[in-house]
Amino acid sequence: MAYSNEIYQYARDVLAQRRQKAVQTLLERRQELYLRFPRFEEIEAQLRLTGMAAVRAAMSPNGKEKLDEIRQVNLDLQEERRQMLSSLGLPQDYLSEPYVCPLCKDEGFVDGKRCACFEKLVREESFRRLNRLSPLSLSDFDNFDLSYYSSVSDGTAPSAFEQMKKIYQYCKRYAENFSSHSANLLMSGRTGLGKTHLSLAIAKAAIQKGFGVIYGSAPDLLAQIEKERFSRGDSANQTLDLMLDCDLLILDDLGAEFATNFTAATIYQIMNSRLNKGLPTIISTNLSYQEMLKNYGERVSSRVIVSYVPLFFTGQDVRQQKMTRNMK
Ligand SMILES: [Zn+2]
């Protein structure tokens, strides 16, 4: 996957900071330990000397015996250090750099290839940048208030309260059990019924579990994709690539974008590609099925019908009710 140079640079900066911190931490540990137990300093100095002596012995013609002797001294010193550390209750690697990733020593590369820690950094940072405009911190399951939904039923259908309680419980379970093979959800219903709130709550839970989540409104994300498509350089198609590959894509307010052939084709591409990969997508929309058919055509609508779990949000605009309550 292609990320922008800016994001790679960010990852390199983080790694450089980690290395610096590891070196600094070791320095402080040594200073402190040497001060309290000067024997540590002696041992480490002798270990360095035996290292150099071993090199010299290895190069001299009759060095074999000498080399064995040096090795033994070296092993004894290491053993002494080991015992001293363990009598102090310190881990055996206490006197080496505490790297975040021991595999690459925070260099970001192993055998000329990018280390998993580097990939993780660029991935998480891309998600963070894409999601930074979303009010993720504001919505969770605990502050979803069911008291805004009427428990009066007309006798033919369940009350708004009953219906929304079911949806709320479904979404909560969905978030708790979320995996990259979870179901696709279609949240539909009028504005102000809690679709954004519940999808943000799911996003937040999935992010906390360590999944790569992209959350955004359809107009914003589509505009971003269009902008990148016509730009040259390293960030071309970055948003689209991430949307095709992330563990969970939440496309809020589908249908609010300015509809063109480009947006319809892009929506189809996103849905189809994610379905083929078995990656979950949550779509929220004010559109009815008929409107969806009109905006995006048969291909998109039929996929929604077959492959998405429908959640019909009902009730009276919660935002308006909140405003009215606040004015009283
Ligand atoms: Zn690494």
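Residues numbered from 1 in each chain as written. Predicted model: local features only at pLDDT ≥ 70, side-chain atom pairs only at ≥ 80, totals over all residues.

A. Region of interest: the overall build of the chain. Within the chain, the secondary structure is distributed over 11 helices and seven strands. Since a compact globule built from 328 residues should have a radius of gyration of about 20 Å, the 29 Å found for the chain marks it as more spread out than a globular shape. Viewed in the frame of its principal axes, the chain has a C-alpha envelope of about 95 × 45 × 35 Å. Here the chain holds 328 residues, and 29% of them are scored as buried. (Helix = DSSP H or I, 4+ residues; strand = E, 2+ residues; numbered from the N terminus. Rg over C-alpha atoms; globule rule 2.2 N^0.38 Å. Buried ≥ 20, exposed ≤ 12 C-beta atoms within 10 Å, placed from the backbone.)

B. Region of the structure containing the environment of Gln83. With respect to the element layout, Gln83 can be found in helix 3 (residues 64–87). Distance in space between the C-alpha atoms of Gln83 and Ile270 is 59 Å, their sequence separation being 187 residues.

C. Structural context of the sheet that holds strand 3 (residues 184–188). If you trace the five strands from one edge of the open sheet to the other, you get 4-5-6-3-7, paired in parallel fashion. The open sheet has two edge strands with one neighbour each: strand 4 (213–217) and strand 7 (308–312). For this sheet, the mean inter-axis angle between neighbouring strands, taken without regard to orientation, is 15°. With four bridges joining them, strand 3 and strand 6 (residues 281–285) adopt parallel strand pairing. Each residue of the ladder has a partner; that of Ser188, found in strand 6, is Thr285. (Pairing = 2+ DSSP bridges. Axes fitted to C-alpha atoms, helices over the stretch in contact; angles between N-to-C directions.)

D. Highlighting the domain arrangement of the chain. Annotation of the chain at the domain level lists domain 1 (5–116) and domain 2 (133–327). Using only C-alpha atoms to locate each centre, domain 1 and domain 2 end up separated by 51 Å. (Domains from an automatic or database assignment.)

E. Highlighting helix 5 (residues 160–176). With 17 residues, helix 5 ought to run about 24 Å at 1.5 Å a step, and its terminal C-alpha atoms sit 24 Å apart, in line with that. Turning to helix 5, its buried residues are Ala160, Met164, Ile167, Cys171, Tyr174 and Ala175. All buried residues of helix 5 fall inside an arc of 95° around its axis, so they share one side. Facing away from the buried side of helix 5 by more than 90 degrees, the exposed set consists of Lys166, Gln169, Arg173 and Glu176. Looking at the buried positions of helix 5, the neighbouring elements they touch are helix 6 (195–208) and strand 7. (Expected span 1.5 Å × (residues − 1). Arc of directions from axis to C-beta. Contact = placed C-beta atoms within 7 Å.)

F. Inspection of the packing of helix 5 against helix 6 at higher detail. With their axes 9 Å apart at the nearest point, helix 5 and helix 6 run at an angle of 15° to one another. Taken together, the axes of helix 5 and helix 6 lie roughly parallel to each other. Between helix 5 and helix 6 the crossing geometry is right-handed. Along its contact with helix 5, which presents Tyr168, Cys171, Tyr174 and Ala175, the element helix 6 presents Leu198, Ala201, Ile202, Ala205 and Ala206. (Parallel < 35°, antiparallel > 145°, perpendicular 65-115°, else oblique. Left-handed = near helix turned anticlockwise from the far one by under 90°.)

G. Broad picture of unusual backbone geometry. Despite not being glycine, Asp106 shows a phi value in the positive range, around 60°. The topology assignment puts Asp106 in the loop between helix 3 and strand 1 (109–110). Here Asp106 falls in the buried class, since 24 other C-beta atoms lie within 10 Å of it. Even without being glycine, Asp253 reaches a positive phi, approximately 60°. You can see Asp253 is positioned in strand 5 (residues 248–254).

H. Layout of the environment of Leu249. With respect to the secondary-structure elements, Leu249 resides in strand 5. For Leu249, a count of 25 C-beta atoms within 10 Å puts it in the buried group. Between the C-alpha atoms of Leu249 and Leu121, which are 128 residues apart in sequence, the distance is 19 Å. In contact with Leu249, other than residues within four places in its own chain, are Ile214, Met243, Arg274 and Thr281.

I. Looking closely at the pairing of strand 5. Among the seven residues in strand 5, six count as buried, and that is most of the element. Strand direction decides the pairing type here: strand 4 and strand 5, joined by five bridges, are parallel. Looking at strand 5, one finds that Ile214 is bridged to Leu249. Relative to strand 6, strand 5 is paired through four bridges, and the arrangement is parallel. Following the sheet pairing, Ile250 is matched in strand 6 by Ile282.

J. Up close: the pairing of strand 6. Taken across its five residues, strand 6 has five buried, putting it largely inside the fold. Burial along strand 6 is two-sided: Thr281, Ile283 and Thr285 and Ile282 and Ser284, pointing in opposite directions, are all buried.

K. Quick peek at the packing of helix 1 (residues 5–36) against helix 4 (residues 116–131). Two numbers describe how helix 1 lies on helix 4: the axes approach to 9 Å, and their chain directions differ by 125°. Relative to helix 4, the element helix 1 lies oblique. For helix 1 against helix 4, the interelement crossing comes out right-handed. Contacts between helix 1 and helix 4 pair Ile7, Tyr8, Tyr10, Ala11 and Val14 from the former with Phe118, Leu121, Val122, Glu125 and Ser126 from the latter.

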